[in-house]
Amino acid sequence: MATNEIKLRDAREDDLEAILDIYNDVIINTTAVYSEKPHTLQMRTQWYHERVTNNFPVYVAEAEGKIAGFSSFGHFRAWPCYRYTVEVSVYVEQSSRGKGISKILTRALIERANAMNIHAIIAGISADNEISIKLHQSFGFKEVANFKEVGYKFGRWLDLKFFELLIDNNPGPIF
C-alpha cells in the first residue's frame, strides 16, 4: 500500500479496539460527541452488533496500515415511520485529519443510504465544529435546526445543529 493510499472497507470485529481508541479520543478532547466518559470495548461491541444486525454500514478507512477513521449510520429514531431516515457518524483519528479521509467515509455512507432506499440523512453537529459543518455542506447537507445550549461540556454550553441531506428515493422495503 502506498503511503498516501486510503483503503475503505467494511469494519470487522477485530477493528473495534482501534475504533474505540478514535471514539474515546473524540470524547476526551472535542465537542464532537456530547459524552464526558470514555466508552468501553463492550459498549463499542454492542454498538457494532446493533449496526450489523440492522444491515447498517460500519466502514473503516485504513492509511499506512492502521485504522485512520470510521463511519456508520443508524436509526434516527426507532419508530417505524422513521425507517427511511438515518443519522450518520464520521470520526477520524487525530493525526490523520486533514487528509480527505472524512470525505471518503461520508461519500460511502451516502452511497450506501441511496442503495438502501433511504430518503433522509441527518447529521447532528456541534455548532462549534466548523470543519464537520463544512464537510457535510460540501455533500449538499442543509442546516435544518439549531438547538441552543442543549449540551454542557468543558465548562460551557454547546449548541447542536442538525443538517439534512434528502435523497430522491421512493418508499419501499428496507433491506
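Just above, that's the structure.
All values derive from a computational prediction rather than experimental measurement.

## Focus on the pattern of salt bridges
And then number 1: One pass over the full model with this rule turns up 9 salt bridges.
And then number 2: Asp 128 serves as the salt-bridge partner of Arg 156, at 3.0 Å between the closest nitrogen and oxygen. In this pair, Arg 156 is assigned in strand E7 (residues 156-166) and Asp 128 in the loop between strand E5 (120-126) and helix H4 (130-138), connecting sequence segments 28 residues apart.
And then number 3: Using a relative accessible area of 37% as the deciding quantity, one classes Arg 156 as partly exposed.
And then number 4: Classification of Asp 128 by relative accessible area gives partly exposed; the value is 36%.
And then number 5: Measuring nitrogen to oxygen at the nearest pair gives 3.2 Å for the salt bridge that ties Lys 161 to Glu 143. Of this pair, Lys 161 sits in strand E7 while Glu 143 sits in strand E6 (residues 142-153), placing them 18 residues apart in sequence.

## Here's the deal with the environment of Lys 7
And then number 1: Position of Lys 7 among the secondary structure elements: in strand E1 (residues 6-10).
And then number 2: When the C-alpha atoms of Lys 7 and Glu 62 are compared, they prove to be 5.0 Å apart, with 55 residues separating the residues in sequence.

About the criteria used
Residues numbered from 1 in each chain as written. Predicted model: local features only at pLDDT ≥ 70, side-chain atom pairs only at ≥ 80, totals over all residues. Heavy atoms only, no water. Salt bridge = Lys/Arg side-chain N within 4 Å of Asp/Glu carboxyl O. Helix = DSSP H or I, 4+ residues; strand = E, 2+ residues; numbered from the N terminus. Buried < 20%, exposed > 50% of the residue type's maximum accessible area, 1.4 Å probe, protein only.

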